[in-house]
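Close look at the chain arrangement
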Amino acid sequence: MKTFEVLGTGCRKCVTTAESIERIAKEQGQEVTVVKVTDPAKIMEYQVMSTPAVAVDGKVVHSGSIPEHDKIVSWLNG
């Protein structure tokens, strides 16, 4: 099972990103863990300057916008 961390302050885009990952994973029949990381110190550990950002299993794969459907699918299948 993959762990997705959505890095951000909890803004609407961050919430939408987390919801999208959960919804698309369910559509794909995959179980994932989605963790919302809002602690600025933890976000800085990832060296992220633009949120929302997404880390998959500890590796940042996206930052600065809500990821597109196809990108989330590629993370799930990668």
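The shown structure was predicted, so the numbers you read here are calculated from the model rather than taken from an experiment.

1. Observations concerning the environment of glutamate 68
- Tracing the sequence through the fold places glutamate 68 in the loop between β4 (59-63) and α3 (69-77).
- Relative accessible area serves as the criterion here: at 63%, glutamate 68 is assigned to the exposed category.
- Taking the C-alpha atoms as reference, glutamate 68 lies 18 Å from glycine 29; in sequence the two are 39 residues apart.

2. Structural notes on the pattern of salt bridges
- Counted according to the given criterion, the structure contains three salt bridges.
- For glutamate 45, the salt bridge is made with lysine 42, and the minimal N-O distance between the two is 3.8 Å. Of this pair, glutamate 45 and lysine 42 both sit in helix α2 (residues 40-45), three residues apart, roughly one helical turn.
- Exposure remark for glutamate 45: the relative accessible area of 58% places this residue in the exposed category.

3. Some points on the packing of helix α1 (residues 12-27) against α3
- Running from N to C, α1 and α3 point in directions that differ by 60 degrees, and their axes come no closer than 10 Å. When you trace α1 past α3, the crossing you get is right-handed. Along the contact surface, α1 presents Ser20, Ile21, Ile24, Ala25 and Glu27, while α3 presents His69, Ile72, Val73 and Leu76.
- Tallied by class, the residues present in the contact of α1 with α3 amount to six nonpolar, two polar and one charged.

4. A closer look at the sheet that holds strand β2 (residues 32-37)
- As summarised here, the arrangement of the four strands in space is β2-β1-β3-β4, forming an open sheet in which the pairing is mixed. Looking at which strands have only one partner, the edges of the open sheet turn out to be β2 and β4. Going from strand to strand, the sheet's axes swing by 25 degrees on average, the running direction of each strand aside.
- In this sheet, β2 lies alongside strand β1 (residues 2-7) in parallel orientation, the contact comprising six bridges. Bridging across to β2, valine 6 finds its partner in lysine 36.
- The sheet strands contacting α1 are β1, β2 and β3 (53-56), and the helix crosses β1 at an angle near 160 degrees.

Cut-offs applied
Residues numbered from 1 in each chain as written. Predicted model: local features only at pLDDT ≥ 70, side-chain atom pairs only at ≥ 80, totals over all residues. Heavy atoms only, no water. Helix = DSSP H or I, 4+ residues; strand = E, 2+ residues; numbered from the N terminus. Buried < 20%, exposed > 50% of the residue type's maximum accessible area, 1.4 Å probe, protein only. Salt bridge = Lys/Arg side-chain N within 4 Å of Asp/Glu carboxyl O. Axes fitted to C-alpha atoms, helices over the stretch in contact; angles between N-to-C directions. Left-handed = near helix turned anticlockwise from the far one by under 90°. Contact = heavy atoms within 4.5 Å. Nonpolar A, V, L, I, M, F, W, Y, C, P; charged D, E, K, R; others polar. Pairing = 2+ DSSP bridges.

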